[in-house]
Amino acid sequence: MVGSSHILLPKDYIEFAIKEDGLDIEYTGVDTLKENNIPSIRVEDNISDEIYEENGIEYTQILLEPNEDGKYEFDILSSYPRMNMKYRIKNINKDYIVHIDNFKVDGGVCKVQYNYKEDTVKQPDTGIIPFVTKLLLIVLIVIIVVGIIAYIKKRR
């Protein structure tokens, strides 16, 4: 393993999940997730004792394990109004904190791509062809087909 990946959940997200689940739990830092079962936040024993803090906001770190495809996944409540959680990638040389709100969410999925060899973090290219380009290609194909048919008829 070249490094580790963590999702960083802010205090207000954890409190939001507690309310969404109708629980009567007071937030007490890392121990909130370690000592309580909060159904909306599915974590096993991957909760780090280390708290990450940025701009006065406390984040609980959860170590992510890769799935069969080698991808790291974590579900966030879709009813949560903000994207203020973070993604942390640590390896021997770097410690990246990726601000998820800087990335586009498509279909409820926020994809972050880390290239270890190039040492870059980015959003994957989607490779979408604009509608106008598709329309022009269709028109071009129709013109070529009509031209070929006209040429064949003219030769006969």
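Here the structure is a predicted model, which is why all the values come from computation and not from measurement.

What follows covers the pairing of strand E3 (residues 57-64). Two faces make up the sheet, and in a regular strand the side chains alternate between them. As paired strands, strand E1 (residues 3-10) and E3 are joined by six bridges and run antiparallel to one another. Residue Pro 10 lies in a different strand from E3, and its bridge partner there is Tyr 59. The antiparallel pairing of strand E2 (residues 47-54) with E3 creates a hairpin that spans two residues between the two strands, and Asn 55 there sits at a positive phi of about 55°.

It is worth spelling out the packing of aromatic side chains at this point. What the rule picks out here adds up to three aromatic pairs. For the ring pair Tyr 13 and Tyr 80, a centre distance of 4.8 Å and an interplane angle of 90° mean the geometry is edge-to-face. Of this pair, Tyr 13 sits in helix H1 (residues 11-20) while Tyr 80 sits in the loop between E3 and strand E4 (86-91), and the two are 67 residues apart along the sequence. The residues Tyr 13 and Tyr 80 share a single accessibility class, namely buried. Consider the rings of Tyr 52 and Tyr 59, whose centres lie 5.9 Å apart with planes at 50°: the pair is tilted. An identical accessibility class is assigned to Tyr 52 and Tyr 59; each is buried.

Let's shift gears to the nonpolar core. Grouped together as the largest cluster of nonpolar side chains are 21 residues, with contacts concentrated most on Leu 9, Tyr 13, Ile 14, Leu 33, Ile 38 and Ile 41. Taken together, the elements giving at least two residues each to this core come down to E1, H1, helix H2 (30-35), E3 and E4. The element that contributes the greatest number of residues to this core is H1, accounting for five residues.

With that settled, consider the sheet that holds E3. The five strands are arranged E2-E3-E1-E4-E5 in an open sheet whose pairing can be described as antiparallel. Pairing within the sheet leaves two strands with one partner each, and these edge strands are E2 and strand E5 (95-99). Pairs of neighbouring strands in the sheet enclose a mean axial angle of 30°, with direction left out of account. Here E2 pairs with E3 via five bridges, running antiparallel. Counterpart to Ile 47 in the pairing with E3 is Ile 62. Each of E1 and E3 is contacted by H1, which is oriented at about 65° to E1, the strand it contacts most.

Rules and cut-offs
- Residues numbered from 1 in each chain as written.
- Predicted model: local features only at pLDDT ≥ 70, side-chain atom pairs only at ≥ 80, totals over all residues.
- Heavy atoms only, no water.
- Pairing = 2+ DSSP bridges.
- Helix = DSSP H or I, 4+ residues; strand = E, 2+ residues; numbered from the N terminus.
- Phe/Tyr/Trp six-rings, centres within 6.5 Å; stacked < 30°, edge-to-face > 60°.
- Buried < 20%, exposed > 50% of the residue type's maximum accessible area, 1.4 Å probe, protein only.
- Core = buried A, V, L, I, M, F, W, Y, C linked by side-chain atoms within 4.5 Å.
- Axes fitted to C-alpha atoms, helices over the stretch in contact; angles between N-to-C directions.
- Contact = heavy atoms within 4.5 Å.

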